[in-house]
Amino acid sequence: MNAVETKNGLKKNGATCEVAVSTEKFSIFYSDFEAVKGVSFDIPRRGVTAIIGPSGCGKSTLLRGVNRMNDLIPGTRVAGRMLFDGVDIYDSKVDVVKLRKRVGMVFQKPNVFPKSIFDNVAYGPRLHGVRKRSQLFDIVEKSLLRAAIWDEVKDRLGANAIGLSGGQQQRLCIARALAIKPEVLLMDEPTSALDPKSTAKIEDLVMELREDYTIVIVTHNMQQAARISRRTAFMYEGGLVEYDDTEKIFTTPSEIETENYITGKFG
């Protein structure tokens, strides 16, 4: 099959498709309220895609749609399609548990379990059937190393994770997400509750992980989006206004709404 250009200039080429997630006129409703309105765009495999926009514009709702977290909210329904590796994730045949193993998530505030550091990271692998202590330790060590926190916690893996600082807790949550070996990592305002030093560590970590993972990050911090993302989507009132290379979005946006938001005229 010859490579074909998608609507966002990315290439699809059968099994070697550069597109990881694709939406086609995708909407999310809370009862009768349309929170996400007919969004169509492609998220490239590997690298970082940022979603920006004012509060209440549908950013987090769209993000949670990628691993069907919105299913947990009563009255939620969708229209259109969201494809992951070419498969509609809202098809009735899709196993949501398996989907969430492939699509990990890190939330706005660190949500560590009131367990040991070791058990926090081992939680997912245990849930998926890993029982051998040696295998679990290997997974925990590798995940903590990837999350750039191993050196800080390696001598206290049995300590309660609640005792870690906010920045350490967030990196632990990233390690916990990585432990189940996802292909996509969703990050919903992962640094909004952190100080500048911890924020810088998370950004450095994201820039390392982007070589191996497809990362989608929702952020209010436009400087952060400019620093770490390859492509940026701007949303407003539930709709996708503009989606392009990050440099273009922040220097020569095509839409006046995007320019007004980036220059601080609203939002």
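The structure this text deals with has already been given above.
Residues numbered from 1 in each chain as written. Predicted model: local features only at pLDDT ≥ 70, side-chain atom pairs only at ≥ 80, totals over all residues. Heavy atoms only, no water.

Describing the overall build of the protein chain
Logical step 1: The helix and strand inventory of the protein chain stands at 10 helices and 12 strands.
Logical step 2: Taking the principal axes of the C-alpha coordinates as reference, the protein chain spans close to 55 × 45 × 40 Å.
Logical step 3: Relative to its full complement of 267 residues, the protein chain shows a buried share of 49%.
Logical step 4: Contacts in the protein chain between residues far apart in sequence, at least 24 positions, make up 66% of those at least 6 positions apart.
Logical step 5: For the protein chain, the accessible area works out to roughly 12,800 Å², and carbon and sulfur atoms hold 50% of it.
Logical step 6: For the protein chain, the centre of its 38 positive side-chain charges and the centre of its 34 negative side-chain charges are spaced 6 Å apart. (Helix = DSSP H or I, 4+ residues; strand = E, 2+ residues; numbered from the N terminus. Buried < 20%, exposed > 50% of the residue type's maximum accessible area, 1.4 Å probe, protein only. Contact = heavy atoms within 4.5 Å. Areas by Shrake-Rupley, 256 points an atom, 1.4 Å probe, with all protein chains shown as cover. Lys, Arg positive; Asp, Glu negative; His and termini not counted. Charge placed at Lys NZ, Arg CZ, Asp CG, Glu CD.)

Thoughts on the sheet that holds strand β3 (residues 19–30)
Logical step 1: Across the sheet, which stays open at both edges, the four strands sit in the order β4-β3-β6-β7 with antiparallel pairing between neighbours. Each having just a single partner strand, β4 (33–44) and β7 (87–88) make up the two edges of the open sheet.
Logical step 2: Sheet analysis places strand β6 (residues 76–84) next to β7, joined by two bridges and oriented antiparallel. Bridged to F84 within β7 is V87. (Pairing = 2+ DSSP bridges.)

Side note on the packing of helix α3 (residues 117–127) against helix α6 (residues 166–178)
Logical step 1: With their axes 7 Å apart at the nearest point, α3 and α6 run at an angle of 35° to one another. Seen from above, α3 lies across α6 with right-handed handedness. Contacts between α3 and α6 involve I117, N120 and V121 on the former and, on the latter, L172, A175 and R176.
Logical step 2: Of the residues that constitute the contact of α3 with α6, the class distribution is four nonpolar, one polar and one charged. (Axes fitted to C-alpha atoms, helices over the stretch in contact; angles between N-to-C directions. Left-handed = near helix turned anticlockwise from the far one by under 90°. Nonpolar A, V, L, I, M, F, W, Y, C, P; charged D, E, K, R; others polar.)

Digging into the packing of α3 against helix α4 (residues 133–146)
Logical step 1: Remark: α3 packs on α4, axes separated minimally by 9 Å, with the N-to-C direction vectors making an angle of 115°. Overall, the two elements α3 and α4 adopt an arrangement that is roughly perpendicular. Viewed along their axes, α3 and α4 form a crossing whose handedness is right-handed. Of α4, the residues touching α3 (which contributes F118, V121, A122, P125 and R126) are R133, L136, F137, I139, V140, S143 and L144.
Logical step 2: Grouping the constituent residues of the contact of α3 with α4 by class yields nine nonpolar, one polar and two charged. (Parallel < 35°, antiparallel > 145°, perpendicular 65-115°, else oblique.)

Some details on the nonpolar core
Logical step 1: In terms of nonpolar packing, the biggest core is built from 45 residues, with L144, L172, I174, L185, M187, L209 and I215 touching the most fellow members.
Logical step 2: Per-element accounting of this core gives the leading share, six residues, to α6.
Logical step 3: Leave out the neighbours within four places in its chain, and M187 touches L63, V106, I174, V206, I215, V216, I217 and V218.
Logical step 4: Of all hydrophobic cores here, the second largest spans 27 residues; its members include F26, C57, L62 and V184. (Core = buried A, V, L, I, M, F, W, Y, C linked by side-chain atoms within 4.5 Å.)

Digging into the packing of aromatic side chains
Logical step 1: Summed over the entire model, instances satisfying the criterion amount to six aromatic pairs.
Logical step 2: Considering the side-chain rings of F113 and Y123, the 4.9 Å spacing of their centres and the 65° angle between planes classify their relative orientation as edge-to-face. One end of the pair, F113, is in the loop between β8 (103–106) and α3; the other, Y123, is in helix α3, and 10 residues separate them in sequence.
Logical step 3: The exposure class of F113 is partly exposed, given its relative accessible area of 25%.
Logical step 4: When the centroid spacing of 6.3 Å and the interplanar angle of 80° are considered together, the rings of F137 and W150 count as edge-to-face. (Phe/Tyr/Trp six-rings, centres within 6.5 Å; stacked < 30°, edge-to-face > 60°.)

A closer look at unusual backbone geometry
Logical step 1: Although it is not a glycine, A148 sits at a positive phi angle of roughly 55°.
Logical step 2: Relative to the helices and strands, A148 resides in the loop between α4 and α5 (150–153).
Logical step 3: We classify A148 as partly exposed; its relative accessible area is 39%.
Logical step 4: Of note in this structure, E237 is not a glycine but carries a positive phi near 50°.

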